[in-house]
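Reading the structure
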Amino acid sequence: PWRSLPAAANHESGVMDIVVNTYTSYCLMESGDVLASGGNWYGQAGTQKKISHYVVHWTQTGLNLLTSSWTDPTK
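Just so you know, these numbers come straight off a predicted model, no measurement behind them. Within each chain, residue numbers correspond to sequence positions counted from 1 in written order. Confidence filtering applies because this is a predicted model: local features only for residues at pLDDT of at least 70, side-chain atom pairs given and counted only at 80 or more, and all residues used for totals across whole chains, interfaces and linings. Working from all heavy atoms in the structure, the side-chain values ignore hydrogens and water.

Here the focus is unusual backbone geometry. The phi angle at Ser68 is positive, at roughly 55°, despite the residue not being glycine. Helix numbers and strand numbers start at the N terminus; a helix is a DSSP run of H or I with at least 4 residues, a strand a run of E with at least 2. Looking at where Ser68 falls in the secondary structure, it is placed in the loop between strand S4 (54-64) and strand S5 (69-70).

The structure is reproduced here in structure tokens:
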């Protein structure tokens, strides 16, 4: 869920790690799925649409680090 204040990642939520940069944030889940939120100029936030907009909720990027696989999350 969205929070106005930072919160620590914890195993109860299924979150393993979070990476934050200037425009886009990534969340690694226990399942291996990578979620993204933020700037999406090159489709990096999971919508695969290369248009200038912000994704304001966590979206599936299609990348799974546990299985080393990628699937198109728009299909």
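The rest of the description comes next.
On to the sheet that holds S5. By the convention used here, strands pair only if DSSP detects at least 2 bridges between them. Here we have five strands laid out as an open sheet, ordered S1-S2-S3-S4-S5, and antiparallel in their pairing. Whereas interior strands pair on both sides, the edge strands pair on one side only; in this sheet they are strand S1 (15-20) and S5. Summarising the sheet, strand S2 (residues 24-29) and strand S3 (residues 33-39) pair through five bridges and their orientation is antiparallel. Bridge pairing in S3 links Ser25 to Ser37.

Now for the side chain of Asn64. Within the secondary structure, Asn64 sits in strand S4. A relative accessible area of 10% places Asn64 in the buried class. Any N or O atom pair separated by 3.5 Å or less is treated as a polar contact, with the protein-specific requirement of one donor-capable and one acceptor-capable atom, and with residues adjacent in sequence counted only for side-chain atom pairs. A polar contact of 2.8 Å, which involves the side chain of Asn64, links it to the backbone nitrogen of Thr67. A contact between two residues is defined here by any heavy atoms of the two lying within 4.5 Å. Once residues lying within four places of it in the same chain are set aside, the contact partners of Asn64 are Ser31, Gly32, Asp33 and Ser69. Buried means the residue's accessible area, taken with a 1.4 Å probe over protein chains only, is under 20% of the maximum for its type, while exposed means over 50%, and partly exposed covers the values in between.

To continue, consider a nonpolar patch on the surface. For patches, a residue must show more than 30% relative accessible area and have no salt bridge; joins then use 9 Å for like charges and 5 Å for nonpolar side chains, namely Val, Leu, Ile, Met, Phe, Trp and Tyr. Accessible areas in this description were obtained via Shrake-Rupley with a 1.4 Å probe; residue shielding takes into account the shown protein chains only. In the sections that follow, a salt bridge refers to a side-chain nitrogen of Lys or Arg positioned within 4 Å of a carboxyl oxygen of Asp or Glu. A surface patch of nonpolar side chains, about 290 Å² in accessible area, is lined by Ile18, Val20 and Trp58. Looking at the secondary structure, you find Trp58 in strand S4.

Moving on: the environment of Ser13. In this structure, Ser13 sits in the segment before S1. Distance in space between the C-alpha atoms of Ser13 and Glu30 is 9.1 Å, their sequence separation being 17 residues.

All right, on to the side chain of Ser25 then. Summarising the element assignment, Ser25 is placed in strand S2. Relative accessible area serves as the criterion here: at 19%, Ser25 is assigned to the buried category. Excluding its chain neighbours within four sequence positions, the residues that come into contact with Ser25 are Val19, Val20, Leu35, Ala36, Ser37 and Trp58.

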